[in-house]
Amino acid sequence: MIKKFLDLGMQPLANKYLKKKNKIEKTKEQFYHLEVGFNPKIKLVSILNTIPAKKMFDDNYPYRSSMSRTMLLSFKKLAKKIINSYNPNFILEIGSNDGSLIKNFDKKKVICVEPCKNLAKITKKMGYKTYESFWNMRLAKKIKSKIKKIDLIYSSNTLSHINNLNSVFESITNILSNDGILIIEDPSLLDCLKKVSYDQFYNEHIYVFSLLSINNLIKKYKLEVFNIEKLNIHGGSLRYYIKKTSNKKYKVSKKVIVQLNKELRHGINKFSTYIKFKNKVENSKEKLNKFFLKLKGKNKKIIGYGATAKSSTVLNYCKVKNETLDYFLDTTPGKAGKYMPGTHIYIKSYSKRLLNRADYAFLGAWNFKKEIFNKEKQYIKRGGKFITHVPIPRII
Ligand code: TYD
């Protein structure tokens, strides 16, 4: 029985940026109740009301992993490690997006799986075999019949988006060779709790995993985590290295035990921890609104920087609209010229000129703070300030 601990109100689908036409026909915009709960049995945190995958991951999915240098570098580094440490025969990527990881590998050694047509088109054009499909047992069996040995499966920020985790791990176990490795990475629950980054919750992020919950999920498929890495991307993620328990080639690293102990010390296994988190989220909302009210009272021009899915949760929960934020700036081609879901704040194509017009910029992409601060030295030098809600609302 999942126990609810957080109510983030009625929310639009986070990556559904609106064209003017749908903005006027408001009835078209779908809302859902964003509630978050804890499963005390397997210690898994999830949203309670889910949206069908086909509705979320369609032919116009806007998220592109290549939009950030941080992500590209992280993928490049990982590709090097995969080649040097495991030298796989064949790699399968589940949720290959625009090919940011696989472009580091030989075309003959990779299979991409990507349900969004616009993204699958990109990797197909790059010359990589791409299945334009959701991941499931049928597809796993089809691929298995064609390729003898798949010994590396990678999936980043995808498994947490799939409702039926049993089917995910069952099909992965079926296709992965006995000496193969599964590498998954997703936002870390411990980071989310510590940073009060409640914006990790939105319709696509059905789950926010911890090592503890991953262990509980995979053990029935005779899989185990043998190594783990902490990443700064996406506001703090964990990269899990998983093998079949029968594979004795790799020893379980001390890092796995250290991470588990850290999670337990934080009380990730106790419901009371989530109630404390809920209280912090409510305080965060109050404080952020106070900031905005005060700055608007002084006639300051505030904009948004990075029209992220995460910021959709924050702005809709805190009820911040375009009376507060004049517009968002974003580098993603498919987002510019559209409106933020729910709040209908206009998104403009990023330019330094537009940024320099603002007194304050709300960091929608707070997870790329370092990269953005490096890029915006001039804005900061001329007195421009950033606002972030992580870990507590503050002006930087
Ligand atoms: P991200 O935080 O990865 O994702 P999500 O939508 O899952 O919450 O998205 C970062 C967004 O910020 C993306 O739309 C690109 C944008 N962005 C900029 O506009 N400028 C930048 O310098 C960076 C790093 C990102």
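Residues numbered from 1 in each chain as written. Predicted model: local features only at pLDDT ≥ 70, side-chain atom pairs only at ≥ 80, totals over all residues. Heavy atoms only, no water.

Before we go on, may I ask you to explain the site of the ligand in this structure?
Near the ligand you find 18 residues, and of these Ala309, Lys310, Asp330, Lys335 and Lys375 are the closest. At 3.3 Å, a side-chain N or O of tyrosine 63 approaches an oxygen atom of the ligand. At 2.8 Å, a side-chain N or O of asparagine 367 approaches an oxygen atom of the ligand. Its free accessible area being 570 Å², the ligand has 97% of it covered by the protein chains. Those elements giving two or more residues to the shell around the ligand turn out to be helix H11 (309-318) and helix H13 (369-375). With three residues, the single largest contributor to the shell around the ligand is H13. Of the residues belonging to the shell around the ligand, the class tally is seven nonpolar, six polar and five charged. (Near = heavy atom within 4 Å. Polar contact = N/O pair within 3.5 Å; in protein donor to acceptor, adjacent residues only side chain to side chain. Areas by Shrake-Rupley, 256 points an atom, 1.4 Å probe, with all protein chains shown as cover. Helix = DSSP H or I, 4+ residues; strand = E, 2+ residues; numbered from the N terminus. Nonpolar A, V, L, I, M, F, W, Y, C, P; charged D, E, K, R; others polar.)

How should the pattern of salt bridges be read in this particular structure?
A side chain of one charge can pair with a side chain of the opposite charge if their charged atoms are brought near each other. Applying the stated rule across the entire model yields 16 salt bridges. Salt-bridge contacts for glutamate 185 lead to arginine 239; the nearest nitrogen and oxygen are separated by 2.6 Å. Linking glutamate 185 in strand S8 (residues 176-187) with arginine 239 in strand S11 (residues 237-244), this pair joins segments that are 54 residues apart in sequence. Take glutamate 185 and arginine 239: they sit in the same class, and that class is buried. Across the pair aspartate 326 and lysine 301 runs a salt bridge, and its minimum N-O distance is 2.8 Å. Here the residue aspartate 326 occupies a position in the loop between H11 and strand S13 (328-330), and lysine 301 occupies one in the loop between helix H10 (271-297) and strand S12 (302-305), the gap between them amounting to 25 residues. Classification of aspartate 326 by relative accessible area gives partly exposed; the value is 31%. Each of Lys81, Glu185, Glu229 and Arg239 takes part in salt bridges that share partners, so that together they form one network. (Salt bridge = Lys/Arg side-chain N within 4 Å of Asp/Glu carboxyl O. Buried < 20%, exposed > 50% of the residue type's maximum accessible area, 1.4 Å probe, protein only.)

What is the right way to look at the side chain of glutamate 376 in this model?
Checked against the element boundaries, glutamate 376 lands in the loop between H13 and helix H14 (377-381). Once residues within four sequence positions are removed from consideration, glutamate 376 is found in contact with Tyr305, Tyr350, Lys352, Leu355 and Phe386. (Contact = heavy atoms within 4.5 Å.)

Hey, could you run me through unusual backbone geometry in this one?
Apart from glycine, the bulk of residues carry a negative phi angle, and the bulk of peptide bonds sit in the trans form. At the junction of valine 390 and proline 391, the peptide bond is cis and its omega measures out at -5 degrees in the coordinates. Considering the arrangement of structural elements, one finds proline 391 in the loop between strand S16 (385-388) and strand S17 (394-395). Positive phi outside glycine occurs at lysine 43, with the angle close to 60 degrees. Examined against the element boundaries, lysine 43 turns out to sit in the loop between strand S2 (31-39) and strand S3 (44-47). One non-glycine residue, histidine 234, adopts positive backbone phi at about 55 degrees. Judged by its relative accessible area of 12%, histidine 234 is buried.

Got a minute to help me understand the sheet that holds strand S9 (residues 207-208) in this structure?
Pairing between the strands of a sheet is mediated by backbone hydrogen bonds and can be parallel or antiparallel. Judged by pairing direction, the sheet is antiparallel, and its four strands sit side by side in the order S1-S2-S3-S9 without closing on themselves. Sheet topology places strand S1 (3-12) and S9 at the edges, where each strand pairs with a single neighbour. Taken together, the seven bridges between S1 and S2 define a ladder with antiparallel strand orientation. Paired with lysine 3 across the strands is phenylalanine 38, a residue of S2. Where H10 meets the sheet, it contacts S1, S2 and S3, and its direction lies at approximately 35 degrees from that of S1. The strands touched by H11 are S1 and S2; relative to S1, the strand with the most contacts, the crossing angle is about 90 degrees. (Pairing = 2+ DSSP bridges. Axes fitted to C-alpha atoms, helices over the stretch in contact; angles between N-to-C directions.)

Looking at this structure, how should I read the environment of lysine 28?
Mapping lysine 28 onto the fold places it in the loop between helix H1 (20-24) and S2. On the accessibility criterion, lysine 28 (52% relative accessible area) is exposed. Measuring from C-alpha to C-alpha, the distance between lysine 28 and threonine 331 comes to 26 Å, with 303 residues separating the pair along the chain.

When you look at the sheet that holds S13 in this model, what are you seeing that I'm missing?
Reading across from one edge, S14-S13-S12-S15-S16-S17 is the order of the six strands in this open sheet, with mixed pairing throughout. A strand with exactly one partner marks an edge of an open sheet, and here the two such strands are strand S14 (347-349) and S17.

Quick question: what am I supposed to make of the packing of aromatic side chains here?
Working definition: an aromatic ring pair is given by the centre-to-centre distance plus the angle between the planes. Under the criterion given, the structure shown has 17 aromatic pairs. Between the aromatic rings of tyrosine 339 and tyrosine 346, the centroid separation amounts to 5.1 Å while the plane-to-plane angle is 55 degrees, which identifies the pairing as tilted. Owing to a relative accessible area of 31%, tyrosine 346 belongs among the partly exposed residues under this scheme. Summarising the aromatic geometry, the rings of tyrosine 379 and phenylalanine 386 are spaced 5.2 Å apart at their centres and angled 70 degrees between planes, so their arrangement reads as edge-to-face. Taken as a pair, tyrosine 379 and phenylalanine 386 share a single burial class, namely buried. Ring-pair connections join several aromatic residues into one group, and the members of that group are Phe5, Phe38, Phe271, Tyr274 and Phe277. (Phe/Tyr/Trp six-rings, centres within 6.5 Å; stacked < 30°, edge-to-face > 60°.)

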